[in-house]
Amino acid sequence: MATITGPNQSPAGGPLELERPALERWKTHKHGHHWRNAEDEFDAAKIGIWLFLSTEILLFSGMFCAYAVFRMLYPESIAAGSQYLDPRWGGTNTVVLLISSWTMAMAIRDVQLNRQFWATVNLLITLVCAAGFLAIKFTFEYIPKWGEGKRPGTLFSYPWATHDHEHVWWSIYYAATGIHAFHVIVGMGLIAWLLYRQRIRKAYGPTHYTMMEGVGLYWHIVDLVWIFLFPLLYLVH
Amino acid sequence: MTTADSHAADAAHAHDGAHDHGHVIVPWQALLGVLLVLLVLTVATVFTAQAEIFVTGEWGWELPGWLNIVVAMSIALVKGTLVALYFMQLRYDKGINALIMLFTLFAVTLFLLFTMLDLGNRNTITEWRAGEVNPGGTTLGSGIVATARANYIAEMGLTEEEYWKKWDEKHAGHGHGGGHGAASGDVSTANHSVKGAGLTPGLFATGVWAEHDEHHDEHHDANHADGKHADGKHGDGDHDDGGH
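Being a predicted model, the structure only gives us computed values, none of them experimental.

Trainee: What's the story with the overall build of chain B in this structure? I'm lost.
Mentor: When you go through chain B residue by residue, the secondary structure sums to eight helices and zero strands. Walking chain B from its N terminus toward its C terminus, one meets helices and strands in the order α-α-α-α-α-α-α-α. Counting over 244 residues, chain B shows a buried share of 27%. Within chain B, contacts between residues at least 6 apart in sequence are counted, and of these 70% link residues at least 24 apart.

Laid out in structure tokens, this is it:
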């Protein structure tokens, strides 16, 4: 073990194995040389994430706009379509996402305070909630609705429709929730990646947690979009 | 970059690392409090939506059409702001991030506002300028819903009457808001948007709400203006669908 080199090496040359039971990478993180300090690097990364999030908001605003247009044109079809959905499942999914958003914020707090165990627990809960959201979505909505012929656009084949533009409703529904669900899937991948880096690589700690902050912000925007999608899709009348 | 620079940078970093970071650690009480408020507001938004249906269906109140969307969006806005301020830490963060967010919201507002202005005033455009839109937006010849219906009838070997009888049975006990307006003149079409008055007109003409709806017959007639069937018995079914 005497050949180990690196910033964590004891200058006193003591028994390294005992002083350094595991490499904690967050302690050895060095900011890029083009930054004045780690603070600048963190702030710039965060601005980058916020710019990305603003494009996300613009992406979803296109869908909200389509919703507004079709709700204005065919209020009856939108209201009728909405009543095929069960607000209890939509509400459950809202609660699930809110809790996951909270555990994500708590995980970042844990990392800031170097409570690695609780950070892992909170990230795991976040991941489980994300999976639960998708499970509910597919089990109670996508799969049965699609099977009944409640499909978007020209794929629509539900014979018992009550209004002439219900296929438009399903187009909006699948586009909006589908792109949102895709974001949840991407978020799950990111959180799993965070878990690996946090647990195995010990990459995040009080002085360095930029990636967690970024993924956290992304995850909150996924929650934020659902906060608006839920009443628009489930509580229309 | 020279070695000396590099060392200087490291020294600066080490100093920063001693925790003069300026990063706010949001108190857990704040995070938990925000979560609880968010959960309460979620219940509130579901409850108000149900209450709106209740007072309309049960008591026959004429609620203004904007109420549903305005109440729901106001609650969502409060929830969204809480998430942004506390979970996303905008409240504690550098102003530039909030500025980016606000500018984005400004852009979204413009986007929605002008689209709505355009759409809301389509009725004031003279007919020849408005142009024609193929109802249902399909190249199938008839509307997509009508096509799905026709396909089903052909596939099952039903007559029109048999189909509509089944349709009535299917919708008798459901709060699907069906049974009105599909072919009447007072509903929005691709070329003609009708201003909403009250809740969605006729939404409660069938199913569990039917017995409370004074205008039941009116909607009933409107629905069958196309003459496809004339003896529907909307709303006479069982009331097993109190919720959704």
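Trainee: I tried to follow the overall build of chain A on my own but got confused; where do I start?
Mentor: The helix and strand tally for chain A stands at eight helices and zero strands. Element order for chain A, N to C, with α for helix and β for strand: α-α-α-α-α-α-α-α. Over its C-alpha trace chain A gives a radius of gyration of 23 Å, far above what one expects of a compact globule, namely 18 Å for 237 residues. Per-residue burial for chain A yields a buried fraction of 47% across its 237 residues. Across chain A, the fraction of contacts at a sequence separation of at least 24, relative to all contacts at a separation of at least 6, is 73%.

Trainee: Mind showing me how you'd approach the packing of helix 5 (residues 87-112) of chain A against helix 2 (residues 28-57) of chain B here?
Mentor: How two helices pack is summed up by the angle between their axes together with the distance between the axes. Look at helix 5 of chain A against helix 2 of chain B: their axes get within 10 Å of each other, and the N-to-C directions meet at 170°. Between helix 5 of chain A and helix 2 of chain B, the angle falls in the class roughly antiparallel. From helix 5 of chain A, P87, G91, T94, V95, L98, W102, A105, M106 and R109 of chain A reach across to helix 2 of chain B, where they touch W28, L31, L35, L38, L39, T42 and V46 of chain B.

Trainee: Looking at this structure, I do not really get the environment of W219 of chain A. What am I missing?
Mentor: All names here are of chain A. Relative to the assigned elements, W219 resides in helix 8 (residues 210-234). Along the chain, W219 and L190 lie 29 residues apart, while their C-alpha atoms are 9.2 Å from each other. W219 has contacts with S101, M104 and G187, leaving out every residue within four places of it along the chain.

Trainee: Help me understand the confidence of the model for chain B in this model?
Mentor: Caution is warranted with low-pLDDT regions, since their predicted coordinates should not be read in detail. All names here are of chain B. Looking at chain B as a whole, its pLDDT mean stands at 68, while 52% of the residues score no less than 70. Across chain B, the secondary-structure element scoring lowest on mean pLDDT is helix 8 (residues 216-223), at 39, and the one scoring highest is helix 3 (residues 66-87), at 93. Long-range and interchain partners of residues 174-188, a stretch whose pLDDT sits below 50, account for 61 contacts in this model, where long-range means more than four residues apart. Within the model, the stretch residues 192-244 combines pLDDT values under 50 with 116 contacts to residues more than four positions away or in other chains. Scored by ipTM, the complex comes to 0.86, with pTM at 0.76.

Trainee: How should the packing of helix 5 of chain A against helix 6 (residues 116-147) of chain A be read in this particular structure?
Mentor: Residue and element names in this part refer to chain A. Viewed as axis vectors pointing N to C, helix 5 and helix 6 meet at an angle of 160°, and their least axial separation amounts to 8 Å. Classified by the angle their axes make, helix 5 and helix 6 are roughly antiparallel. The way helix 5 lies across helix 6 gives a crossing that is left-handed.

Trainee: Would you mind showing me how to read the environment of H163 of chain A here?
Mentor: Residue and element names in this part refer to chain A. By secondary structure assignment, the location of H163 is in the loop between helix 6 and helix 7 (166-199). On the basis of neighbour counts, which here come to 25 C-beta atoms within 10 Å, the residue H163 falls in the buried class. With 89 residues separating them along the chain, H163 and Y74 place their C-alpha atoms 9.1 Å apart.

Trainee: Can you walk me through helix 8 of chain A in this structure?
Mentor: Because each turn of an α-helix spans 3.6 residues, side chains separated by three or four positions in sequence point in the same direction. A rise of 1.5 Å per residue sets the reference length of helix 8 of chain A, with its 25 residues, at 36 Å; its end C-alpha atoms lie 36 Å apart and thus fit the reference within 8%. Where burial is concerned, most of helix 8 of chain A is hidden: 22 out of the 25 residues are buried.

Trainee: What is the right way to look at unusual backbone geometry in this model?
Mentor: Where the residue is not glycine, phi is negative for most of them; where a peptide bond is considered, it is trans in most cases. The residue N114 of chain A is not glycine, and still its phi comes out positive at about 60°. Structurally, N114 of chain A is set in the loop between helix 5 and helix 6. Not every positive phi belongs to a glycine, and Q89 of chain B is a case in point at roughly 65°. By the secondary structure assignment, Q89 of chain B is in the loop between helix 3 and helix 4 (95-120). The class for Q89 of chain B is buried, based on 21 C-beta atoms found within 10 Å.

Reading the values: the criteria
Residues numbered from 1 in each chain as written. Chains lettered and ligands numbered in written order. Predicted model: local features only at pLDDT ≥ 70, side-chain atom pairs only at ≥ 80, totals over all residues. Helix = DSSP H or I, 4+ residues; strand = E, 2+ residues; numbered from the N terminus. Buried ≥ 20, exposed ≤ 12 C-beta atoms within 10 Å, placed from the backbone. Contact = placed C-beta atoms within 7 Å. Rg over C-alpha atoms; globule rule 2.2 N^0.38 Å. Axes fitted to C-alpha atoms, helices over the stretch in contact; angles between N-to-C directions. Parallel < 35°, antiparallel > 145°, perpendicular 65-115°, else oblique. pLDDT = per-residue confidence, 0-100. Left-handed = near helix turned anticlockwise from the far one by under 90°. Expected span 1.5 Å × (residues − 1).

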